[in-house]
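# Understanding the architecture of this molecule
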Amino acid sequence: IWISPDDEIYLADSFDHVIRHYNLGGELIEVIGTPGQPGIAGGPFNQPTGAMMAPGCGDLVVADGYRQCRVHRFDSGGHLLQSWGTWGKTEPGQFHLPHSIIIDETHTVYVCDRENHRVQVFTPNGEFIEMWTDIQRPMDISEFTDGNFLISEGTREDLPSRCSIVGKHGEVLARWESRSAHGCWVDSRGDVYLALTGDKSLDKYVRQS
């Protein structure tokens, strides 16, 4: 789920293979994709995992994640502009379950490449910039108002689930163990919310000044 600055709601409906767009009253505005129908190989969508609008331009960027290894960009009318990414485990632009996505004020795109244990960073047109590798199974990513990021990380071998606060180039600023945090969000005050799959509950952390 992602909520726009205009309080419109975008849902990545993974098992129905669509992105659903609602107003705050719960009225459906549009559906991108064909409900119940996986997209063709390389095309939208086959179990998408996240969507976010690029600030100020109306383009929607989607991580197409569980059964595709792609990122798709749409214009404000829902027309596909471009796609990028292939399946793989080593090279830039290769994905093994792109699981979440966020776009900053410069339209830079950050993709949680979950099973490759990294975050990949791209220009708005899908050109590779860098990757962050001091990460384990990144589940979700959110941005603080100061430009730093919160990443919820899943378990890896004998390592527990954790959360990390990282800088603009992935440098770790803080890190703590969490209880199976799958989704994460940061509010305007800098408080942190974690959706916990193991406990089926929500944790909140209050930012200390």
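Residues numbered from 1 in each chain as written. Predicted model: local features only at pLDDT ≥ 70, side-chain atom pairs only at ≥ 80, totals over all residues. Heavy atoms only, no water.

## Let's talk about the side chain of R70
With respect to the helices and strands, R70 occurs in strand β7 (residues 70-74). As a buried residue without a salt bridge, R70 has its nearest oppositely charged side chain in D64, at a separation of 7.1 Å. Here G85 takes part through its backbone oxygen, which lies 2.7 Å from a polar atom of the side chain of R70. Discounting residues that sit within four places of it in the chain, R70 has contacts with G42, V62, A63, D64, S83, W84, G85, F95 and P98. (Helix = DSSP H or I, 4+ residues; strand = E, 2+ residues; numbered from the N terminus. Buried < 20%, exposed > 50% of the residue type's maximum accessible area, 1.4 Å probe, protein only. Lys, Arg positive; Asp, Glu negative; His and termini not counted. Salt bridge = Lys/Arg side-chain N within 4 Å of Asp/Glu carboxyl O. Polar contact = N/O pair within 3.5 Å; in protein donor to acceptor, adjacent residues only side chain to side chain. Contact = heavy atoms within 4.5 Å.)

## Brief notes about the sheet that holds strand β8 (residues 80-84)
One open sheet accounts for 4 strands, arranged β5-β6-β7-β8; its pairing is antiparallel. Whereas interior strands pair on both sides, the edge strands pair on one side only; in this sheet they are β5 (48-53) and β8. When the angles between neighbouring strand axes are averaged without regard to direction, this sheet yields 20°. Pairing between β7 and β8: 4 bridges, direction antiparallel. The residue bridging V71 from the neighbouring strand is W84, located in β8. (Pairing = 2+ DSSP bridges. Axes fitted to C-alpha atoms, helices over the stretch in contact; angles between N-to-C directions.)

## Quick look at the nonpolar core
Where a protein is soluble and globular, its nonpolar side chains tend to be buried together. The biggest cluster of nonpolar side chains holds 33 residues, and the ones touching the most others in it are I19, L60, V109, Y110, W132 and I141. Leaving out residues up to four positions away in the same chain, Y110 has contacts with S100, I101, I102, D104, V119, Q120, V121, W132, I141, F149 and K168. Counting residues in hydrophobic clusters, the runner-up holds 10 residues, among them F144, C163, V186 and L194. (Core = buried A, V, L, I, M, F, W, Y, C linked by side-chain atoms within 4.5 Å.)

## Digging into the pairing of strand β19 (residues 181-186)
Relative to strand β20 (residues 192-196), β19 runs antiparallel, the two being bridged by 5 bridges. In the strand pairing of β20, A181 is matched with L196. Here β19 hands over to β20 after 5 residues, with G190 in that stretch at a positive phi of 90°.

## Comments concerning the pairing of strand β17 (residues 162-166)
Strand residues, when the strand is regular, have side chains that alternate between the two faces of the sheet. Within β17, 5 of the 5 residues are buried, which leaves it mostly tucked inside the rest of the structure. What you see with β17 is no split at all: R162, S164 and V166 on one side and C163 and I165 on the other are buried throughout. Relative to β17, strand β16 (residues 149-153) is paired through 5 bridges, and the arrangement is antiparallel. Looking at the pairing, E153 lines up with R162 of β17. Pairing of β17 with strand β18 (residues 172-177), which is carried by 5 bridges, proceeds in the antiparallel orientation. Its bridge partner being in β18, I165 is matched across the sheet by A174. Turn length for the β17-β18 hairpin, with the two strands adjacent in sequence and antiparallel, is 5 residues, and the turn residue G170 shows positive phi of about 85°.

## Points about the pattern of salt bridges
Summed over all chains, the structure comprises 17 salt bridges. With its nearest N and O atoms 2.4 Å apart, the salt bridge here joins D199 to R179. With D199 in the loop between β20 and β21 (201-205) and R179 in the loop between β18 and β19, this residue pair connects regions lying 20 residues apart in the sequence. On the accessibility criterion, R179 (41% relative accessible area) is partly exposed.

## As for unusual backbone geometry
What you tend to see is this: most non-glycine residues have negative phi, and most peptide bonds are trans. Note that the residue after P44, namely F45, is joined by a cis bond; omega there is -15°. If you trace the backbone, F45 turns up in the loop between β4 (28-32) and β5. Phi angles above zero are rare outside glycine, and H107 is one such case at about 70°. With respect to the element layout, H107 can be found in the loop between β11 (98-103) and β12 (109-113).

## Examining the side chain of D59
Among the secondary structure elements, D59 is positioned in the loop between β5 and β6 (60-64). Only 3.1 Å separates the side chain of D59 from the side chain of R73, close enough to count as a polar contact. Those residues in contact with D59 that lie beyond four places of it in its chain are M52, M53, A54, R73, F74, D75, S76 and L81.

## What about the sheet that holds β21?
Across the sheet, 3 strands lie side by side as β19-β20-β21; this open sheet has antiparallel pairing. At either margin of the open sheet sits one strand with a lone partner, and together these are β19 and β21. Taken over all neighbouring pairs, the strand axes of this sheet differ in orientation by 20° on average, direction set aside.

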